[in-house]
Amino acid sequence: VALQVSQLNERVRDLLGEASGRTEAALDQWLPAEDLAPTALHRAMRYSVMGGGKRLRPALVISACRAVGGRVDDAMPAACAVELIHAYSLIHDDLPSMDDDDYRRGKPSCHKAFGEATAILAGDALLTLAFELIAAHTRDATRARDLILELSRAAGHDGMVGGQMLDIEAEDNNREHTLEQVRAIHTRKTGALIRGAVRLGALAGGARPQPLEALSAFGENIGVAFQIADDVLDLTATQEALGKTAGKDAAQGKATYPAVLGIEHSRQMAAELIDEALESLTPLGPAATPLRDLARFMIEREQ
Ligand code: IPE
Ligand code: IPE
Ligand code: MG
Ligand code: MG
Ligand code: MG
């Protein structure tokens, strides 16, 4: 078992390393320069996007594109766009009026470094730039439309933003949360963008309807499992390991899986979701091996 885990870790390290390298190179080119006015906005954007994070979502976009026989270059606008939406969601998630978090990706959160107004605007600008990138760098107009439609649905009221609203509404130390409620929150606030990442990669690679369906089911299950792991890590890991504040969910009365099920049962549920996700990939054969590795990593990660 130890050997298997270390082999998995090595392969995932390569996948994330590649995704990181390609995403950083593309984003460095596509993000506004820091010396361009308004410099505070552009510095805050780069501060929150560059040189941090696991780059799991870009790795999913790239791997899903490859799994359907697409070219990595065709996946890069979508890979960067998803990471920009993710980075914006983290900036806003950390704001005093949201989770009030001072620490992110191993450094002060955006509003701590640049002030609240600049952080809000940097988030807004990253969100907008995500759609600009896809529109500007996708040659085929129908494909660009499909990618933009997919990303807007994953990010908006029926996806990440809607989930963040449910998350805030559910915050309560004196109320019992239900499994149904937590599942609804996690499916949207985190699951939607992860499912979206997988689907965007597939669409960028020109996936046919059947593989796209299989990948959607895969994405949905790993997305929820990913947030369960995030909830468990909030309870079990240190700030140093996470690069963000630990132990905050319980203090804020967040609706989490461990709050409802306990840690062990939550881990078990996440593992079941990953098993289910892996089953959906059967029709894709060996081309989906990187996606399988990333799925296992979703719940075995320590940060
Ligand atoms: C953290 O996401 C926020 C959630 C949606 C749970 P990640 O764990 O992917 O954060 P980074 O990108 O590695 O910083
Ligand atoms: C974040 O969930 C989901 C987002 C859409 C940003 P959390 O609030 O649990 O994420 P962390 O733990 O602050 O990274
Ligand atoms: Mg939050
Ligand atoms: Mg948070
Ligand atoms: Mg969390």
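Residues numbered from 1 in each chain as written. Chains lettered and ligands numbered in written order. Predicted model: local features only at pLDDT ≥ 70, side-chain atom pairs only at ≥ 80, totals over all residues. Heavy atoms only, no water.

Colleague: Give me helix α7 (residues 141-155): which residues, what numbers.
Modeller: Taking 1.5 Å per residue, 15 residues should reach 21 Å; α7 reaches 21 Å between its end C-alpha atoms and fits that length. All buried positions along α7 are accounted for by A144, L147, E150, L151, A154 and A155. Considered in projection along α7, the buried side chains sweep an arc of 130 degrees and stay on one side of the axis. Along α7, the residues that are exposed and aim more than 90 degrees away from the buried face are A141, R145 and R153. Looking at the buried residues of α7, the elements they touch are α4 (72-94), α6 (116-137), α8 (160-170) and α9 (179-204). Where α7 begins, one side-chain oxygen reaches toward the backbone nitrogen of T142, 3.3 Å away; that side chain belongs to D140. (Helix = DSSP H or I, 4+ residues; strand = E, 2+ residues; numbered from the N terminus. Expected span 1.5 Å × (residues − 1). Buried < 20%, exposed > 50% of the residue type's maximum accessible area, 1.4 Å probe, protein only. Arc of directions from axis to C-beta. Contact = heavy atoms within 4.5 Å. Polar contact = N/O pair within 3.5 Å; in protein donor to acceptor, adjacent residues only side chain to side chain.)

Colleague: How would you summarise the nonpolar core if you had to cite specific residues and measurements?
Modeller: The nonpolar side chains of a soluble globular protein tend to be buried, and buried together. In terms of nonpolar packing, the biggest core is built from 88 residues, with L31, L60, L84, I85, L126, L151 and I222 touching the most fellow members. In terms of residue count, the dominant contributor to this core is α4 (13 residues). In contact with L31, other than residues within four places in its own chain, are M45, R46, V49, M50, L84, L126 and L129. (Core = buried A, V, L, I, M, F, W, Y, C linked by side-chain atoms within 4.5 Å.)

Colleague: Account for the pattern of salt bridges, with residues named and values stated.
Modeller: Within this structure, the stated rule accounts for 23 salt bridges. R104 is the salt-bridge partner of D93, the closest N and O atoms lying 3.5 Å from each other. One end of the pair, D93, is in helix α4; the other, R104, is in strand β1 (residues 103-104), with eleven residues separating them in the sequence. What you see here is one network of salt bridges that share partners, running through D99, D167, E171, K189 and K254. (Salt bridge = Lys/Arg side-chain N within 4 Å of Asp/Glu carboxyl O.)

Colleague: Describe the packing of α4 against α8, with residues and values.
Modeller: Between α4 and α8, whose axes approach to 12 Å, the crossing angle comes to 20 degrees. Relative to α8, α4 is oriented roughly parallel. The hand of the α4/α8 crossing is right-handed. Of the residues in α8, those in contact with I85, Y88, S89 and D93 of α4 are M160, V161 and Q164. (Axes fitted to C-alpha atoms, helices over the stretch in contact; angles between N-to-C directions. Parallel < 35°, antiparallel > 145°, perpendicular 65-115°, else oblique. Left-handed = near helix turned anticlockwise from the far one by under 90°.)

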